[in-house]
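Below are the chains, spelled out letter by letter.
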Amino acid sequence: MQLAVFVVEDNAEIQENLVGALEELTCVKVVGGSATEEDALGWIAARNHWDMLIVDLFLKGGSGMRLVQRVQRARPEQKIIVFSNYVNASVRKRCAQLGVDAVFDKSTEIDTLVDYCSHQCNQMGASQSAPMPLYPSGGPL
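Residues numbered from 1 in each chain as written. Predicted model: local features only at pLDDT ≥ 70, side-chain atom pairs only at ≥ 80, totals over all residues. Heavy atoms only, no water.

1. Focus on helix α2 (residues 37-46)
And then number 1: Inspection of α2 places E37, A40, L41, W43 and I44 among the buried residues, and these make up the whole buried set. Take α2 and look down its axis: the buried residues cluster within an arc of 165°, on one side only. When the buried face of α2 is taken as reference, the exposed residues oriented beyond 90 degrees from it are E38, D39, A45 and A46.
And then number 2: Lining the buried residues of α2 we find β1 (3-8), β2 (28-34), β3 (52-55) and α3 (64-70).
And then number 3: Two or three places before D39, at the start of α2, stands the capping residue T36, its side-chain oxygen 3.1 Å from that residue's backbone nitrogen. (Buried < 20%, exposed > 50% of the residue type's maximum accessible area, 1.4 Å probe, protein only. Helix = DSSP H or I, 4+ residues; strand = E, 2+ residues; numbered from the N terminus. Arc of directions from axis to C-beta. Contact = heavy atoms within 4.5 Å. Polar contact = N/O pair within 3.5 Å; in protein donor to acceptor, adjacent residues only side chain to side chain.)

Here's what the structure looks like:
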């Protein structure tokens, strides 16, 4: 099972490196990306098959914080992650108030983001697979 992720990041090099790391090290499949708030909202509004959004706070057009405020989750298990160079206690508090699931600092927490995504992959796999019955016929013979 793959985790469908949409990345909102205006720095092409960071986006490319992030996508490469997540797809190589986890079950993440990046299904799209955007450098602006409006493009991201348009993509999100047209689709509900995403599992996670990874959002930078400062974008070429618009604001990641405003994007987070405007996103409507189609399913309760969809995750919204902030990944930014501008993380401090105030930003973390505001993100928590907006219902962001996790916040990571680009300069120091990339490994933690990868670990978080790996954990989400494990959670998704666990919830998608039913345990095998001990006795396939319903009981011991």
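Moving on from the coordinates now.
2. Digging into the pairing of strand β5 (residues 102-105)
And then number 1: Residues of β5 alternate between two faces, with A102 and F104 on one and V103 and D105 on the opposite face, all of them buried.
And then number 2: Here four bridges tie strand β4 (residues 79-84) to β5, and the two strands are oriented parallel to one another. Bridging from a neighbouring strand, F83 pairs with F104 of β5.
And then number 3: Considered for its hand, the β-α-β crossover made up of β4, helix α4 (residues 89-97) and β5 is right-handed. (Pairing = 2+ DSSP bridges. Right-handed = clockwise from strand over helix to strand, strands pointing away.)

3. Side note on the side chain of S63
And then number 1: Within the secondary structure, S63 is located in the loop between β3 and α3.
And then number 2: For S63, a relative accessible area of 17% gives the class buried.
And then number 3: A polar side-chain atom of S63 sits 3.1 Å from the main-chain amide nitrogen of R66.
And then number 4: Other than its neighbours up to four places away in sequence, S63 contacts E37 and L57.

4. Examining the sheet that holds β2
And then number 1: In space, the five strands of this open sheet follow the order β2-β1-β3-β4-β5, with parallel pairing throughout. What marks the edges here is a single partner per strand, and that holds for β2 and β5. Strand-to-strand twist in this sheet, taken as the mean axis angle between neighbours without regard to direction, amounts to 20°.
And then number 2: Judged from the four bridges that link them, β1 and β3 form a sheet pairing that is parallel. By the bridge assignment for β3, V5 is matched with M52. (Axes fitted to C-alpha atoms, helices over the stretch in contact; angles between N-to-C directions.)

5. Quick word on the state of the cysteines
And then number 1: All told, the structure shown has one disulfide when counted by the stated rule.
And then number 2: Across the disulfide from C27 sits C121; the S-S distance is 2.0 Å. As the torsion about the S-S bond is roughly -95°, the C27-C121 disulfide counts as left-handed. With C27 in the loop between α1 (12-25) and β2 and C121 in helix α5 (residues 110-128), this residue pair connects regions lying 94 residues apart in the sequence. C121 shares its class with C27; the two are buried.
And then number 3: Free of any disulfide, C117 has its nearest neighbouring cysteine sulfur in C121, separated by 6.8 Å.
And then number 4: Here C117 falls in the buried class, since its relative accessible area comes to 0%. (Disulfide = S-S within 2.5 Å.)

6. Brief notes about the confidence of the model for the chain
And then number 1: Looking at the chain as a whole, its pLDDT mean stands at 89, while 89% of the residues score no less than 70.
And then number 2: Per-residue pLDDT stays below 50 along residues 128-141; that stretch engages in two contacts with residues further than four places along the chain or on separate chains. (pLDDT = per-residue confidence, 0-100.)

7. Things to note about the packing of aromatic side chains
And then number 1: This model, assessed by the stated rule, comprises three aromatic pairs.
And then number 2: With centroids separated by 4.1 Å and ring planes inclined at 20°, the aromatic side chains of F6 and W43 adopt a geometry described as stacked. One end of the pair, F6, is in strand β1; the other, W43, is in helix α2, and 37 residues separate them in sequence. Judged on exposure class, the residue F6 and its partner W43 are both buried. (Phe/Tyr/Trp six-rings, centres within 6.5 Å; stacked < 30°, edge-to-face > 60°.)

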